[in-house]
Amino acid sequence: ICSSASCRAPAPIEAIATTEKGFVSGRPALEAYFADRLRAARFRDVVITTVAVEVAGDLAWETGRNRLTVQVGDAPPTTRTGRYLAVWKRQPDG
């Protein structure tokens, strides 16, 4: 289960786009979203492949592909594939 400490990312996550709930934004909503997902599913295999990383000024972004094998309840595991975009902005403290 995801506690406040275990949900923390290296930089604050402001919002994510999901297929089932659209955009989720704000720390309380993000913590609840990830906690619900971790309670509902067992992740059997996770592969994250970085395709590109770019930097411009105070911004950096990474694109890539992912493959997740997930089991929900007693259902057989299913494998899902997707793409991701992560964007970072340099904070005043570096």
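Residues numbered from 1 in each chain as written. Predicted model: local features only at pLDDT ≥ 70, side-chain atom pairs only at ≥ 80, totals over all residues. Heavy atoms only, no water.

1. Details of the packing of aromatic side chains
- This model, assessed by the stated rule, comprises one aromatic pair.
- Each ring, one from Tyr 33 and one from Phe 34, has its centre 5.3 Å from the other, and the planes form 70°; the classification is edge-to-face. (Phe/Tyr/Trp six-rings, centres within 6.5 Å; stacked < 30°, edge-to-face > 60°.)

2. Details of the pairing of strand E4 (residues 59-72)
- Inspection of the sheet shows strand E3 (residues 41-56) paired to E4 by 14 bridges, in the antiparallel sense. Counterpart to Glu 54 in the pairing with E4 is Trp 61.
- With twelve bridges joining them, E4 and strand E5 (residues 78-89) adopt antiparallel strand pairing. Following the sheet pairing, Val 70 is matched in E5 by Thr 78.
- What sits between E4 and E5 in their antiparallel hairpin is a turn of five residues, with Gly 73 showing a positive phi close to 60°. (Pairing = 2+ DSSP bridges. Helix = DSSP H or I, 4+ residues; strand = E, 2+ residues; numbered from the N terminus.)

3. Some points on the pairing of strand E1 (residues 15-18)
- Side-chain alternation along E1 places Ile 16 and Thr 18 on a buried face and Ala 15 and Ala 17 on a face that remains uncovered.
- Across four bridges, E1 lies against strand E2 (residues 22-25) in antiparallel orientation. Each residue of the ladder has a partner; that of Ala 17, found in E2, is Phe 23.
- If you look at the hairpin formed by E1 and E2, you'll find three residues sitting between the two strands. (Buried < 20%, exposed > 50% of the residue type's maximum accessible area, 1.4 Å probe, protein only.)

4. Structural notes on the pattern of salt bridges
- One pass over the structure, following the stated rule, counts four salt bridges.
- For the salt bridge of Arg 27 with Glu 31, the shortest nitrogen-to-oxygen distance reads 3.0 Å. Of this pair, Arg 27 and Glu 31 both sit in helix H1 (residues 27-40), four residues apart, roughly one helical turn. (Salt bridge = Lys/Arg side-chain N within 4 Å of Asp/Glu carboxyl O.)

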